[in-house]
Amino acid sequence: MTEKCVKGYIVASIIEGVRGALYEGRIDQDHVEVALGSHAGLLEEKIDPFRWYPVEVLEGLNHLLAEARGGNRRAAMFELGAEQFELLSAMGVHQQLSFSNGKVSESLPNEIASWGRLVSTMMRSVYSFSRATFEADPAAPGRYILDWRGIEGLGEIVLESTLGFMTALAQRSAGPDVRVKMERPAPSRARFVFEGARER
């Protein structure tokens, strides 16, 4: 697959919000057509959660929801990402991925390795074009890094919602005190840094 794509269950998790905002008049049809372009017709279709959709669809939907919610875009996208995680968890996606085989460092404690494997597999299963590894930061005990590569062309608005998603996932898996920050050291790479994780 050469086109950059995102799994349908991510699209399905936010498209209802866009449909609702359009119905309520918080966004208008012209903005939908600008944001989604030739994919605007998806608002009228049933989304297949297991199909791959162009990543531009996700970016367009995020822009529309940011517009509909108003206020600070980063805060709105963080909140959206957390909501996506809760919805996918309710759908059983979180539980399915907990049996995953994502790439993690063999030296990690078992509990940390378990949720590290979960977050790295989540990235690989959601996006067709990226790869992720999870490891301890040798310079800072108790800090862990998800290194996400191959994301050139991915818009910042998607990374902002991914930060909310990752924070919700990590706090569910490794305790409510986990803090997550995101860095983008290169256009093709992002790093999610986790601190405050604990073994249960």
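1. Comments concerning the pairing of strand β4 (residues 143–149)
Reasoning step 1: Most of β4 sits out of view: five of its seven residues are buried.
Reasoning step 2: Bridge analysis of strand β3 (residues 131–136) against β4 gives six bridges, and the strand direction is antiparallel. Pairing of alanine 136 across the sheet is with tyrosine 144, part of β4.
Reasoning step 3: Between β3 and β4, which pair antiparallel one after the other, the connecting turn spans six residues, and glycine 142 there sits at a positive phi close to 85°.
Reasoning step 4: Note that β4 and strand β6 (residues 189–195) share seven bridges and pair antiparallel. Across the sheet, the residue bridging to tyrosine 144 is phenylalanine 194, located in β6.

2. Notes on the packing of helix α1 (residues 8–24) against helix α3 (residues 55–69)
Reasoning step 1: Look at α1 against α3: their axes get within 9 Å of each other, and the N-to-C directions meet at 40°. By the angle between their directions, the pair α1 and α3 is classed as oblique. When you trace α1 past α3, the crossing you get is left-handed. Note on element contacts: α3 touches α1 through Val57, Leu58, Leu61, Asn62, Leu64, Leu65 and Ala68, opposite Ile10, Val11, Ile14, Ile15, Gly17, Val18 and Ala21.
Reasoning step 2: For the contact of α1 with α3, a count of residues per class yields twelve nonpolar, two polar and no charged.

Conventions we followed
Residues numbered from 1 in each chain as written. Predicted model: local features only at pLDDT ≥ 70, side-chain atom pairs only at ≥ 80, totals over all residues. Heavy atoms only, no water. Buried < 20%, exposed > 50% of the residue type's maximum accessible area, 1.4 Å probe, protein only. Helix = DSSP H or I, 4+ residues; strand = E, 2+ residues; numbered from the N terminus. Pairing = 2+ DSSP bridges. Axes fitted to C-alpha atoms, helices over the stretch in contact; angles between N-to-C directions. Parallel < 35°, antiparallel > 145°, perpendicular 65-115°, else oblique. Left-handed = near helix turned anticlockwise from the far one by under 90°. Contact = heavy atoms within 4.5 Å. Nonpolar A, V, L, I, M, F, W, Y, C, P; charged D, E, K, R; others polar.

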